[in-house]
Amino acid sequence: MTSPLTFTFRPLDPLNDAELLHTWVTHPKAAYWMMQDAKLQDVERAYMEIAADEHHHALLGLRDGEPAFLMEYYDPAHRELVGLYEPQPGDVGMHFLVPATDRPVHGYTKAVITAVMAHLFEDPRTARVVVEPDIANKAVHALNEAVGFVPEREIQKPEKKALLSFCTRDHFEKAVHG
């Protein structure tokens, strides 16, 4: 039996991490991240804006101390979903990106989203996680469902048609721990 994957988190450094992030977000398999044509300076600028935003945060997930994935979380009452649904106290919006690899590991992306969700729920103020992936991103819909997300409805964002979904702490615990 192999040991479960463990991850740690650190704040993203927009300047020092931009080159790595640029390779991740511009890869063809990261199309849903919508930064395919971004230049290095675009990535730096985007993540400097996030770093300066009290309602939006970016973290790097680390595996054995090395950057392994990107996670963002935000206050949906102030970012991303303003006017598209009625936010509740304790709602936290989330995005995550696992970089493309030539050697995929079975179960890796599920381990990442599980770690992301556990990290968000470590904050006792987090009551519910909100996601709005592209309606066409069937792979992420399946991952979301695996960690307890329940789709509510399709919404139209400026950049995409999205599937608004929610995951309560209780749904997460039941999905992950039975």
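Structural data are supplied above this passage.
Residues numbered from 1 in each chain as written. Predicted model: local features only at pLDDT ≥ 70, side-chain atom pairs only at ≥ 80, totals over all residues. Heavy atoms only, no water.

**Observations regarding the overall build of the protein chain**
What counts, and what does not: Helix and strand labels come from DSSP, where a helix needs a run of H or I of at least four residues and a strand needs a run of E of at least two; each type is numbered from the N terminus. The reference for a compact globule is 2.2 Å times residues^0.38; the radius of gyration itself is calculated from the C-alpha atoms. For the exposure calls, accessible area comes from a 1.4 Å probe over protein chains only, and a residue counts as buried if that area is under 20% of its type's maximum, exposed if over 50%, partly exposed in between. In this description, contact between two residues means that some pair of their heavy atoms is separated by no more than 4.5 Å. We treat Lys and Arg as the positive residues and Asp and Glu as the negative residues; His and chain ends play no part in the count. For charged residues, the charge sits on one atom: NZ in Lys, CZ in Arg, CG in Asp, CD in Glu.
In terms of helices and strands, the protein chain carries five helices and seven strands. The order of helices and strands in the protein chain, counted from the N terminus, is β-α-α-β-β-β-α-β-α-β-β-α. The C-alpha atoms of the protein chain give a radius of gyration of 16 Å, which matches the 16 Å a tight globule of 178 residues would have. Expressed along its principal axes, the backbone C-alpha trace of the protein chain runs to roughly 45 × 35 × 30 Å. When each of the 178 residues of the protein chain is scored for burial, the buried share is 42%. Looking at the protein chain alone, contacts between residues at least 24 apart form 59% of all its contacts between residues at least 6 apart. For the protein chain, the distance from the average position of its 17 positive side-chain charges to the average position of its 27 negative side-chain charges is 5 Å.

**Focus on the environment of A51**
On the secondary structure map, A51 appears in helix 2 (residues 40–51). Overall, the relative accessible area of 55% leaves A51 in the exposed class. Along the primary structure A51 and K157 are separated by 106 residues, whereas in three dimensions their C-alpha atoms are 23 Å apart.

**Digging into the packing of aromatic side chains**
Let me state the cut-off plainly: Centres within 6.5 Å make a pair out of two Phe, Tyr or Trp rings, where for Trp the six-membered ring is used; the pair is then stacked when the planes are under 30 degrees apart, edge-to-face when over 60, and tilted otherwise. Comment: the charge-over-ring label is applied if NZ (Lys) or CZ (Arg) is within 6 Å of the ring centre and within 35 degrees of the ring normal.
Counted by the stated rule, this structure contains five aromatic pairs. A centroid spacing of 5.5 Å and a plane angle of 50° characterise the contact between Y85 and F166, whose relative ring orientation is tilted. Of this pair, Y85 sits in the loop between strand 3 (66–74) and strand 4 (91–97) while F166 is found in strand 7 (residues 161–168), placing the two residues 81 residues apart along the sequence. Neither residue differs from the other here; Y85 and F166 are each classed as buried. Sitting above the plane of the F166 ring, R128 keeps its charged end 3.9 Å from the centroid.

**A short note on the pattern of salt bridges**
Under the convention used in this document: By definition here, a salt bridge exists when the distance from a side-chain nitrogen of Lys or Arg to a carboxyl oxygen of Asp or Glu is within 4 Å.
This model, assessed by the stated rule, comprises 12 salt bridges. Of the charged contacts in the structure, one is a salt bridge between D53 and R79, with a shortest N-O distance of 2.6 Å. One end of the pair, D53, is in the loop between helix 2 and strand 2 (56–63); the other, R79, is in the loop between strand 3 and strand 4, and 26 residues separate them in sequence. Residue classification places R79 among the partly exposed residues on the basis of a relative accessible area of 29%. Here E132 and K157 are joined by a salt bridge, their closest N and O atoms 3.0 Å apart. Here E132 is found in the loop between strand 5 (128–131) and helix 4 (138–146), whereas its partner K157 is found in the loop between strand 6 (150–156) and strand 7, with 25 residues between them in sequence.

That's the geometry; what it means functionally is another story.
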